[in-house]
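# Chains, contacts and geometry: an overview
Chain by chain, the residues run as shown.
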Amino acid sequence: MPAIPAWLIEPLWVQFSALLPPRPEFDPAHPLGVHRRRLDDRIVFDKLIQVLRFGCSYEAIADSTCSATTIRNRRDEWIKLGMFAQLKNIALDCYDRIVGLVLEEISVDGCITKAPGGGEVAGRSPVDRGKQGMKRSLMVEGRGIPLGRVLVGANRHDSPLLAPTLDKLDDLGPLPDIITVHLDAGYDSQGTRDELTSRNLRGEIAHKGDKAPIQASQRWHIERTNAWHNAFNRLQRCYERREVVVDAFFDLADAVITIRSLIRQSWTTHRWDGRPKRRP
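Residues numbered from 1 in each chain as written. Predicted model: local features only at pLDDT ≥ 70, side-chain atom pairs only at ≥ 80, totals over all residues. Heavy atoms only, no water.

### As for helix 5 (residues 83-98)
What counts, and what does not: By the criteria applied, helices consist of DSSP H or I runs no shorter than four residues and strands consist of E runs no shorter than two, each listed in order from the N terminus. To estimate how far a helix should extend, the number of its residues minus one is multiplied by 1.5 Å. Note on exposure labels: buried denotes an accessible area under 20% of the residue type's maximum, exposed denotes more than 50%, and partly exposed covers the range between, all computed with a 1.4 Å probe on protein chains only. Whether two residues are in contact is decided by their heavy atoms, any of which lying within 4.5 Å being enough.
Here helix 5 spans 23 Å end to end across 16 residues, near enough to the 22 Å set by a 1.5 Å rise per residue. Within helix 5, the full set of buried residues consists of Met 83, Phe 84, Leu 87, Lys 88, Ala 91, Leu 92, Cys 94 and Tyr 95. Residues of helix 5 that are buried in the fold lie against helix 1 (6-19), helix 2 (41-54), helix 4 (68-80), strand 4 (146-153) and helix 10 (243-266).

Dropping the structure here:
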């Protein structure tokens with residue numbers, strides 16, 4: 001069973017491989033001038049996609065083609081080079097140029113997931129009997145494409161995370177003159193309104209105590225994106241302990257979500273070599 005379909009993983013790999021620095025087949029620093037061949041990067045990339053999608057351990061996914069140690073080492077090497085963040089940014093830029101980001105309407109919300117192993121972004125979960133959990137404060141545009149996130153322990157409230165989450169807007173370049181931020185009742189406070197006013201942002205905030213279905217505003221987009229993220233079992237039940245590793249997996253998931261949405265939306269408006277015959 002493939003982790004993600006071929007029509008989706010191929011464009012991801014083509015772009016990721018273009019970012020990889022050139023590597024010699026053998027280690028030139030070896031004292032005898034010979035060494036085991038470097039394992040093909042495509043094999044490790046596929047393994048990381050499987051870890052992200054299925055949530056399995058590195059030992060469980062390792063086989064005769066690639067060991068768990070190689071997966072971890074190559075993962076850390078790519079994190080140090082910023083490969084996953086670059087892939088996410090390129091996917092977002094491609095989506096913006098072909099489809100267009102709806103930045104006039106953005107949504108921010110928090111989502112709590114499990115973190116059984118603890119770690120740098122884990123804390124006692126108030127909705128899971130005090131077990132270790134992780135909260136992500138996510139920001140999406142009008143169609144649900146993820147724009148940025150802040151990772152903290154599950155015991156943090158949503159409101160204080162709004163400011164650092166909105167700071168991610170600075171990475172997107174020129175912004176519309178009028179931006180509406182859709183928030184749930186957890187952000188219903190004067191502090192939130194003051195924060196939005198200081199940034200020249202309009203707020204659509206659900207009022208505490210009033211029943212307001214998410215379909216009544218633009219908030220359903222972010223609820224759907226949270227479901228997309230949780231479909232990656234590595235994010236829904238995270239055993240990684242280092243924040244940089246968790247961020248890397250989120251960047252990889254964001255790239256998958258963005259490219260998948262790009263292909264599906266451009267299927268009826270664009271033609272390209274290798275285009276799927278039927279809408280995926």
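There's plenty left to go through after this.
### Digging into the environment of Leu 87
Take Leu 87: it is sitting in helix 5. With a relative accessible area of 3%, Leu 87 lands in the buried category. Each C-alpha atom of the pair Leu 87 and Asp 254 lies 9.2 Å from the other, and the pair is 167 residues apart in sequence. Excluding residues that lie within four positions of it along the chain, Leu 87 makes contacts with Leu 12, Gln 15, Phe 16, Leu 19, Leu 252 and Ala 255.

### Concerning the environment of Ile 205
Within the secondary structure, Ile 205 sits in strand 6 (residues 202-205). What makes Ile 205 buried here is its relative accessible area of 14%. Put simply, Ile 205 and Cys 56 are 149 residues apart on the chain and 38 Å apart in space, counted from C-alpha to C-alpha. Excluding its chain neighbours within four sequence positions, the residues that come into contact with Ile 205 are Leu 183, Asp 184, Tyr 187, Asp 188, Thr 192, Arg 193 and Leu 196.

### Details of helix 1
Counted only if it meets this: The reported arc concerns the directions from the helix axis to the C-beta atoms and nothing else.
Counted at 1.5 Å a residue, the expected span for helix 1 with its 14 residues is 20 Å, and the 20 Å between its end C-alpha atoms agrees. The set of residues buried in helix 1 consists of Leu 8, Ile 9, Leu 12, Trp 13 and Phe 16. Each buried residue of helix 1 lies within a common arc of 115° when the element is viewed along its axis, so the set occupies one face. The exposed set on the far side of helix 1, more than 90 degrees from its buried face, consists of Ala 6, Val 14 and Ala 18.

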